[in-house]
Every structure is written in C-alpha cells, then in structure tokens.
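# Structural characterization, general
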Amino acid sequence: MYHRFDAVIVGAGGAGLMAAAQLAGKCNVAVISKLYPVRSHTGAAQGGIAAALANVEEDHWIWHMFDTVKGGDYLVDQDAAEVLAREAIDAIIELEHWGFPFNRLPDGRIDQRRFGGHTRNFGEAPVRRSCYAADRTGHMILQTLYQQSIKNQVVFFDEFMMLDLLLTDDGVCTGVVALDIETGELHIFHAKAVLLATGGFGRVYKVTSNALSLTGDGVAIVFRRGLPLEDMEFYQFHPTGIYKLGILLSEACRGEGGILRNGLGERFMERYAPTLLDLAPRDVVSRSIYLEIREGRGVEGKDYVYLDLTHLPKEVIETKLADNTDFVRTYLGLDPVTDPIPIQPTAHYAMGGIPTDVDGRVTIDAQNTPVPGLYAAGECACVSVHGANRLGTNSLVDLVVFGRRAGRHMLQFVQENDLHPLPKEPDYRARAEIEWILENEGEEKVATIRTELQEAMMADASVFRTGDGLRRMQDKLVELRNRFTRISIDDRSRTFNTDLVEAIELGYLLDCAEAIVACALAREESRGAHYREDFPQRDDANWLKHTLVTRTSGGLELSYKPVIITRFQPKERTY
Amino acid sequence: MQVTLRIQRFNPETDTKPHYREYTVEVEPTDRVLDALNQVKWYQDGSLTYRRSCAHGICGSDAMRINGRNRLACKVLIKDLGPKITIEPLLGFKVIKDLVVDLEPFFAQYRAVMPYLINDEPPPTRERRQTPEERELIEDTSKCILCACCTSACPIFWTTEWLGPAAIVNGHRFLFDSRDRATEERLAILNQRFGVWRCRTIFNCTEACPRGIQVTHAIEQVKRRILFEQS
C-alpha cells in the first residue's frame, strides 16, 4: 500500500511525539510506531528531567551545561550542550502548560530534586535541578505528549514496524517502508521528510533495563543504508538494576538520600567519589560497583551490592519512590522500607547513534553534511550532548529539546521543498527480507543466537573491556552472523507474526553489536562509559574526537570528527 | 520447577474458533508469567503470539487473563499461581491472534473523554501554579498506563456499550486538575447514557488494576461531581 505525507515520524516515544506536536495541524504528518504509542519506552524513565529553573536553590543553565560536558568526559559537542541546557527551561514550561503533573512546592511552583552529576557552581556540591512527577516522570511525559497528539489529531499507524529507509542515488531521503504487523502487509510511506525516533538497543546485552522491543531498528537500518553511526562504543550501564532482572531502580533513590553499600556494609563510594559520593555520574558508580565485586566485597561474595533506603522516612519511600517500591516488593519480595535491595549495573542507554546536528538533521561526515529530508532525535540519535557518558535526567531533556527542534526544522523543510520521486521498486529490499525469513529452512533458532549474543556482549563489551575480549567478540559476531543465515522460524503466517518480528529484530541487534565492538576496539583509551583495561587513561592528545563507523562493501570503515569545544576546556574529571 | 501453561490459541488463517494447547516449561518460582510465555515462544512454539515490551509493569502491553483474572503477565510471579496456569486473551475484545486482541475500541473510548488539558487562557511565562494539595487530587488517576485490565474486567463492559473504567479514570485525571477549564464539557460527556451511571460499583476494575489505582473510587468521585455541580 502506498501513502503520501509531508512528514513521517518513525517511533512514538518522547522525541517522536514532541516532533509531531510541532508538525500537527501545520502539515500532513503521520507517526509510525512498532507499539501502541503509550507502550513506548520513554514511559519507563523514572527520576526526572533537568532544567535550571532555580525554583529551590540558585541554579544557572551554564552550570547545567558544564555538568553535561564534564559528565560526558569532554566528548560532548558544547554547542549542542548549550542548546540543551538553555532550552530545557522553556521546554519544561511548555510541558507544564500542556498539563504535565509535576510535583510541586508549597507555593505552587515545580519542585526539583538532586540527581547524579548535577552540581552547583561547576562541581561544588549536588544541586536540586531535576523536575519530576514522583518516580514516573517518563510515564507522564509520554502520556502528556500522547494527549497532545490526540488533541492535535495526529495520524498514527500503530504496530507498524519500519523495515527500510528510502534514499535516492543522490542521497535524498524520500520515505520509509514499514510492515503492518497485524496484516503482514508492506506499506510505502512517501514523504518529504522522515524523522527517526526509534530509541535504543539495550537488548544487545543480557542484563538490561531496556524493553524487549528495544532492538536498534532505526540505527541498524541507517547503518545498512551506508550512512555512518557515531560514538557507538559509548554505552551506559546504570548502577542500580534489580539483581539478575536488570529492571531499573531510579537514580532518584539516591537523589532522595539512598546509599550504596558493599558486602561489608561500607559506603564504598567514599573511596571513588569523595565529593559527590553516591551521586557521582553513572559510569563512575557502575565501575565502582564492579571493582568492589572483583575485590571480593560483593554481598556474600556474589556479584551484587546493596542499595540501602532503610534510613529514609517511610513516607518518602512510599510516595516519592512509589513505583520503585512496587518493583522491589513485586519482583524481589523485599520491602525497601526495611530491607536493603540487591542491585547490579544494567545496560541502559546508548550515548552514540545516528549523527545529527542541533536541528536533528542526520549528517554523514566530519563536516556535518546533512542528508536532505532525513532527521533523527532521541536515544537513536547522537547530537552529541551526552558525549562519553550521559547524566541522569538528560535523556528526557534531550527528547523534548531536540525532538522539538527537529520537528520545527522539518516543518520549515517540508514547506520549502517538493516531494522527491521514490526510487524504483521502493519495497524490494523489505520484501526480500521478509520472504527470506518466512521461507528459510535451517537448524538455528533466533532465541538461541540472541541469547549467545547478549551473553557474549555482556562478558566482552560491557563495563570493562580489553583488546583481547573485543577481538573475541568480533569472532563471535562472525559466527553468529553465519548462523543467522541458517535460522528457521515456526510461524509462517501473515497475521501478527511476532516470530518474524523477532527474527528481523535479531538482524538489527547483530548490526548494532558489530558497530559497538568495532568502535570500542579502535578506541585505545578510557573515557566515560568506555573503559579499556589495557588503556586505562583518558588520552586527549589522540582521542578527543568522535568515532564515525560506516558499513562499506569492504567491511566496516572508521573515521573521526572533531569535538566542538566552546566554553570549557577539557580538564581532569574527578568527583 | 515445572509448570503447565494452558493457553488459548487462535490463528485466524487456519482456525474457525479458539482452542487450548498445553505447554510444560521449566521455570524459577520467582519468574514472571511473561518469562514462562517467552520460554514457550523461544524454545517450543514460535507461533505463540502475545504483546509484550517493558517486562516490568510500566508499558501495559501484556494484559491478559491469567487463571481467570486480568493481569499483566510481567507483574505476576509463578510462585503466586501454582503449577497449572490458564492463560487467555482479555474478554470483550475481538481476538486478532492467540492472546492479542484489537484494542482500537478501547482507545476510541479513551479519546472520547477528551484526554488532554484544556485551558485557553494565555499561559504565564513560567509554570501555572498548582499547590501540592491540588496536585494530590490527580496523583492516583495519572498513574494509568492504559493496559485495559480494568475495562475488560468489568461485567457491564462485556454486555453493554459504555465508556468503561479506564476512560473514566482518564476523564477524572483532567476533571480534577486545577489547571483544566473544560469541567462543563467533561461532565456532559461523563453524564451521558453511556457514561458513569452504567457503573454498578462491582469493584472488578479496582481489583484488576496493576497500578493499584482506586478505579471505582475515581468513578464515584466523578458521579458526585456531576450531582453536585449540576444541582
């Protein structure tokens, strides 16, 4: 089936819906989403969204910008960080005007709380910058934006999965091809502009806070079409995942006063981050947890430590951390009011992704040459505001600030440009992929390959990395790719074929993993979330640059682009 | 431990009516029902079809009937169910395939209550003020994840056309928001023949809500609001 729109948005999380709000009613826009929009993973974000409102104590956008740059270990593009910190304030106010139910101060203004790495006066002490709705801030953002979409009568294609991106030979984006999961039909969306807002790819790892549907679809498709990905080696592990399950316990637990303790009961962050302690950035805390475990100070010698909230008032735990309390009671049968909670770091957020400029335009080289008509925003994009490590709450800021900017730029673009003709046989690749998977007869199972991928990535490409481990992972990926060609699936029907969907998703995960490993092996230094045990120091002389990885007929090619530095020269990063 | 899952299956391409199939899986007592379903799908029968995403009770994808009660499969643990577990699609919706139902009528009801803030007064340059006490009035109903557990647990919904609990919860969320200015329009919608008065305070909705929302209480608050504002 053929559709024609001015603008098509792929993904209905925070970034996609924020962009849709800019376009609705002003041009002909459609949102395609693999899930019902309210199922998107933005809804799982918990603790807050940062903005220097200064409602509770003195704060300035430039402090927020500095924290973002330092938190990202100076790999952040500072022009983008400035946009993020300045526009966060206005974006929060806009959300409030749309009905977002923020927690409030007694005088009726928005309340704010502490979060990791957010400080006053360039690192002096934690600052209360995070605006929040209990511990379901992401849920309320998703709901508020979906509510606006209904108000604005946005056209949705729910449970449509993107399979291909349409680019002309001269590199202009002309639309996407998507599978209607319910009917099995292919749909061609012909458009002047496309926004990819497809989220992350946490499912490349075994222990993750990410939804089962977070398989890097948009990132992998861009990569397959020969466009570069940026900084894929930087993947964040959140310190406090529920042990074994990986379900996220918010940094707000520590923002409200929670403490990490090792098996000896020690507050071990005193050793690693004497100023910010438990509220140091996530890369620092996750590494510290692993170091404690390695040195035999995990709980009962095992591979977990405790998140301790037992000293907090019951009232705070039950109301400000209500969802977290529910998770712990449901999945562990423990009560955070009286019991310490077993936690381990969990794969959480991709700092890297599809390179864009500050208007969301996808760029293809070190000169930031844009692809006409192609945009990306949210976790799938790399602006880069998070650099080598994202600060807590900045993902939601990223969504609303850059989703909004991308939407606004797209509106201007579709008003100034004509529809480009589609390439010939626009759906041939998507059709071939589906037919191949539906008809292939082999002895391999999708789930087996996926599990091996996730376990191997966890072992060799997670918090601690070495050249040997990454090379082993490269070999493993060759083997898994080979076996992937011999899969067969059980469900050969057209209607709601989730067996087919999972096979396609595994292909995307393999692409993402390959990009991560190639970039991580090349980067012979340690910076932010990328820690090489064989190169434990940050090396600004050689590595203060962004990685670009491109798939070519001869394999993966790496190139680099400079980091934009405006206000803050790189310094040693201590907390 | 071993558990047997008795699952209602239906493939519209080959079946004229639903049937049951049993699967035995090896699971931990602390596993979620979703983990057991995944075991079946990934290693025994890839054609088993259900929705799922976040796997921790936040996205609302995997609402289904588990031993006769509406639950999120990711929020029920095996140890709370025993060795034999019957799993069926939500009642009151058309089954698309196996445990996947057509939720479009559910979302249509949601859209019918105008689920968005309405306030045409020019906003201040900063946030609109709202006291913690005013904010508290919408704390419970703003937790809704639109999973449909409540609505499809309602006997009235099975037999009669009406808005259903989830739509009313979302109407409540704006009706009780001090910043909203569409009280009259909202009350008119909720006061219709198909509105709150169809509720018989059976409390199935409250019992089914995986977010712990006091759904029946919210419906009663809306009823009272209609009575008092209209008199």
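Residues numbered from 1 in each chain as written. Chains lettered and ligands numbered in written order. Predicted model: local features only at pLDDT ≥ 70, side-chain atom pairs only at ≥ 80, totals over all residues. Heavy atoms only, no water.

## Concerning the overall build of chain A
Scanning chain A from N- to C-terminus turns up 16 helices and 20 strands. Taking 2.2 N^0.38 as the reference for a compact globule, 575 residues should give roughly 25 Å; the C-alpha atoms of chain A span a radius of gyration of 22 Å, in line with that estimate. Its C-alpha atoms give chain A principal-axis dimensions of roughly 65 × 55 × 50 Å. Here the analysis covers contacts within chain A between residues at least 6 apart in sequence; of these, 74% occur between residues at least 24 apart. Carbon and sulfur atoms make up 48% of the accessible area of chain A, which amounts to about 17600 Å² in all. In chain A, 62 positive and 82 negative side-chain charges are present, and the distance between their average locations comes to 3 Å. (Helix = DSSP H or I, 4+ residues; strand = E, 2+ residues; numbered from the N terminus. Rg over C-alpha atoms; globule rule 2.2 N^0.38 Å. Contact = heavy atoms within 4.5 Å. Areas by Shrake-Rupley, 256 points an atom, 1.4 Å probe, with all protein chains shown as cover. Lys, Arg positive; Asp, Glu negative; His and termini not counted. Charge placed at Lys NZ, Arg CZ, Asp CG, Glu CD.)

## Here's the deal with the domain arrangement of chain B
Frequently, the measure chosen for interface size is the accessible area that the parts lose on association. Residue and element names in this part refer to chain B. Annotation of chain B at the domain level lists domain 1 (2-101) and domain 2 (104-229). A straight line from the C-alpha centre of domain 1 to that of domain 2 covers 29 Å. Domain 1 puts 14 residues into the contact, and the matching count from domain 2 is 13 residues. Taken together, both faces of the contact between domain 1 and domain 2 bury some 1100 Å²; the carbon and sulfur share is 60%. (Domains from an automatic or database assignment. Buried area = accessible area lost by both parts, 1.4 Å probe.)

## Let's talk about the packing of helix α1 (residues 14-23) of chain A against helix α4 (residues 137-151) of chain A
Residue and element names in this part refer to chain A. Following both chains from N to C, one finds α1 and α4 inclined at 35°, their axes separated by 9 Å at the closest point. Between α1 and α4 lies a crossing whose hand is left-handed. Of α4, the residues touching α1 (which contributes Gly14, Leu17 and Met18) are Leu142, Leu145, Tyr146 and Ser149. Among the residues making up the contact of α1 with α4, the classes are represented as five nonpolar, two polar and no charged. (Axes fitted to C-alpha atoms, helices over the stretch in contact; angles between N-to-C directions. Left-handed = near helix turned anticlockwise from the far one by under 90°. Nonpolar A, V, L, I, M, F, W, Y, C, P; charged D, E, K, R; others polar.)

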